[in-house]
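Below, each chain spelled out in residue letters.
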Amino acid sequence: MNQKKITIAIDGFSACGKSTLAKDLAKRLAYVFIDSGAMYRAAALYCLKHQLIQDGKLDTVGIDNQLSQMDIHFETVSSESHILLNGQDVSNEIRESKVAEIVSIVAAYKPIREKLVQAQQEMGAKGGIVMDGRDIGSVVFPDAELKIFVTADPEIRVQRRLSEMVTKGMHTSIEEIRKNLAERDHLDSTREESPLIQVSDALVLDNSQLTKEEQLDWVLDKVALIVSN
Ligand code: DC
């Protein structure tokens, strides 16, 4: 019997393990996985490459003129999702500090959000999708059958981001990560456009003390309840 394919929205602060959870969940359910943060990072990289960020400020006139030329999409290579910016695979480059430092500025700009939200809604139009980000349950898929808000202890998030960067051979310091996460938390939750909020119909998952498997089981239980109804 074909099971109902639902939409799963996962929101939360940076470095809470949302993408890992969303990816594992999508794999288990044979759903599409979309890391919406990767799209904002690719947009930020576009701005860097086109000198649209000066002194920590976005050149809004410049980006308005170029927005239609910025193409961001995903491709699956050897069952791994890669992100392409105007045809170039930028999956690794978007994780670098130079992008992390400015992404919140770019993600706060309404025309950029409108373009990316439209693309996200098109990708999820048929259901069977797990998307993680900041505004997925509030703006992108307000009717999602399952909404999860992930939280974790700030210091645990710092350690997780550090080991992720070390594993990828990227140079950074613990102080740099701590500062960047605190700044992004503040900007992402206080910006005017689609700030990160915990919507009232989201289930809260504090994963500070949970393994990846425990988190996955927790969500799979919720999915099973929804699809069996
Ligand atoms: O999840 P991440 O750290 O890769 O996200 C990168 C940035 O993009 C983050 O600072 C906030 C922004 N973002 C957003 O504004 N809306 C989303 N749906 C996803 C990410």
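A quick note: this is a predicted structure, and the numbers were derived from the prediction, not measured.

K.L.:
Requested: an account of the overall build of the protein, with residues and values cited.
P.N.:
Of the regular secondary structure elements, the protein holds ten helices and ten strands. The globule rule puts the C-alpha radius of gyration for 229 residues at 17 Å, and the 17 Å found for the protein is close to it. Considered along the principal axes of its C-alpha atoms, the protein spans approximately 55 × 35 × 35 Å. Scored against the burial criterion, the 229 residues of the protein give a buried share of 47%. Restricting the contact set of the protein to residue pairs at least 6 apart, pairs at least 24 apart contribute 73%. In the form shown here, the protein has an accessible surface area of approximately 11,600 Å², with 51% of it arising from carbon and sulfur atoms. Counting 27 positive and 35 negative side-chain charges, the protein places the averaged centre of each group 2 Å from the other.

K.L.:
Go over the pattern of salt bridges with me, naming the residues and quoting the values.
P.N.:
Summed over all chains, the structure comprises 14 salt bridges. Residue lysine 49 is joined to glutamate 93 by a salt bridge in which the shortest nitrogen-to-oxygen separation is 3.5 Å. Note that lysine 49 is positioned in helix α2 (residues 36-49) and glutamate 93 in the loop between β7 (88-89) and α4 (97-100), a separation of 44 residues in sequence. One salt bridge in this structure joins aspartate 185 and arginine 157, with 2.8 Å as the shortest N-O distance. On the criterion of sequence distance, the pair formed by aspartate 185 in helix α9 (residues 174-190) and arginine 157 in helix α8 (residues 154-167) is long-range, its members being 28 residues apart. In this structure arginine 157 comes out as buried when scored by relative accessible area, which is 4%. Members of the salt-bridge network, linked through shared partners, are Lys49, Glu93, Glu96 and Lys98.

K.L.:
Could you give me a rundown of the sheet that holds strand β10 (residues 203-206), with the residues and numbers involved?
P.N.:
A sheet is described by the order of its strands in space; here five strands give the open sequence β2-β8-β1-β9-β10, paired in parallel fashion. Across the chains shown, the open sheet's two edge strands, defined by having one partner strand only, are β2 (32-35) and β10. With strand direction ignored, the average angle separating the axes of adjacent strands in the sheet is 20°. The pairing of strand β1 (residues 7-12) with strand β9 (residues 146-151) spans five bridges and is classified as parallel.

K.L.:
Got a sec to walk through a negative patch on the surface? Specific residues and values, please.
P.N.:
Together, Glu213, Glu214, Asp217 and Asp221 give the surface a local cluster of negative charge. Positionally, glutamate 214 belongs in helix α10 (residues 212-227). On the basis of relative accessible area, glutamate 214 is assigned to the partly exposed category, the value being 41%.

K.L.:
Would you mind going over the packing of aromatic side chains in detail, with residue names and values included?
P.N.:
The geometry of an aromatic ring pair is captured by the separation of the ring centres together with the interplanar angle, meaning the angle of the planes. Applying the stated criterion to the full structure yields one aromatic pair. Residue placement shows lysine 222 over the ring face of tryptophan 218; its charged tip is 4.6 Å from the ring centre.

K.L.:
Please set out the packing of helix α1 (residues 18-29) against α10 residue by residue, giving values where relevant.
P.N.:
At a closest axis distance of 10 Å, the pairing of α1 and α10 adopts a crossing angle of 55°. Considering their axes alone, α1 and α10 lie oblique with respect to each other. Considering the relative orientation of α1 and α10, their crossing is right-handed. Along its contact with α1, which presents Thr20, Leu21, Asp24, Leu25, Arg28 and Leu29, the element α10 presents Lys212, Gln215, Leu216, Val219, Leu220 and Val223.

K.L.:
Describe the layout of surface pockets, and please don't skip the residues or the numbers.
P.N.:
The calculated volume of the largest pocket comes to roughly 1,200 Å³. Lining the largest pocket we find 49 residues, and of these Ser19, Thr20, Asp35, Arg95 and Glu164 sit closest to its centre. Per element, the largest residue contribution to the lining of the largest pocket is six residues, and it comes from α1. Residue composition of the lining of the largest pocket, by class: twelve nonpolar, 17 polar and 20 charged. Of the pockets and cavities examined, the second largest pocket occupies roughly 320 Å³.

Rules used in this analysis
All chains use their own residue numbering, which begins from 1 and follows the written sequence. Given that the model is predicted, a residue must reach a pLDDT of at least 70 before its local features are reported, and side-chain atom pairs must reach 80 or more before they are shown or counted; all residues, however, enter totals for whole chains, interfaces and linings. Excluding hydrogens and water, the side-chain figures rest on all heavy atoms present in the structure. Per the convention used, a helix needs a DSSP run of H or I reaching at least four residues, while a strand needs a run of E reaching at least two, with both numbered from the N terminus. With the radius of gyration taken over C-alpha atoms, the globule rule is written as 2.2 Å times the number of residues to the power 0.38. Buried residues are those whose accessible area, probed at 1.4 Å on protein chains only, stays under 20% of the maximum for their type, while exposed residues exceed 50% and partly exposed ones sit between those limits. By the convention used here, residues are in contact when the closest approach between their heavy atoms is within 4.5 Å. Note on areas: Shrake-Rupley with a 1.4 Å probe; residue coverage comes only from the protein chains shown. Counted as positive: Lys and Arg. Counted as negative: Asp and Glu. His and the chain ends are not counted at all. One atom stands in for each charge, and that atom is NZ of Lys, CZ of Arg, CG of Asp or CD of Glu. Only one rule defines a salt bridge in this text: a Lys or Arg side-chain nitrogen within 4 Å of an Asp or Glu carboxyl oxygen. Each pair of strands is called paired provided DSSP finds at least two bridges between the two strands. To obtain each axis, a line is fitted to C-alpha atoms, and for helices this fit is confined to the stretch in contact; angles are then taken between N-to-C directions over 0 to 180 degrees. Note on patches: the residues involved have over 30% relative accessible area and no salt bridge, like charges join within 9 Å, and the nonpolar side chains Val, Leu, Ile, Met, Phe, Trp and Tyr join within 5 Å. Ring geometry is summarised as follows: Phe, Tyr and Trp rings, the Trp one being its six-membered ring, pair when their centres sit within 6.5 Å, and such pairs are stacked at plane angles under 30 degrees, edge-to-face over 60 and tilted between the two. Sitting over a ring, as applied to charges here, requires NZ of Lys or CZ of Arg to be within 6 Å of the ring centre and within 35 degrees of the ring normal. Throughout this description, any angle smaller than 35 degrees is read as roughly parallel, any larger than 145 degrees as roughly antiparallel, any in the 65 to 115 degree range as roughly perpendicular, and the remainder as oblique. Left-handed describes a crossing whose near helix is turned anticlockwise from the far helix by less than a right angle; the clockwise case is right-handed. Here a cavity denotes grid points, spaced 1 Å and computed from the protein atoms alone, that fit a 1.4 Å probe unable to get out, and a pocket denotes an open set having protein on both sides within 12 Å along at least 5 of 7 lines; residues with an atom within 4 Å of a point are the lining. Grid points are joined across faces, edges and corners, and a volume is the space filled by probe spheres set on the points. Gly counts as polar in this scheme, as do all residues outside two lists: the nonpolar Ala, Val, Leu, Ile, Met, Phe, Trp, Tyr, Cys and Pro, and the charged Asp, Glu, Lys and Arg.

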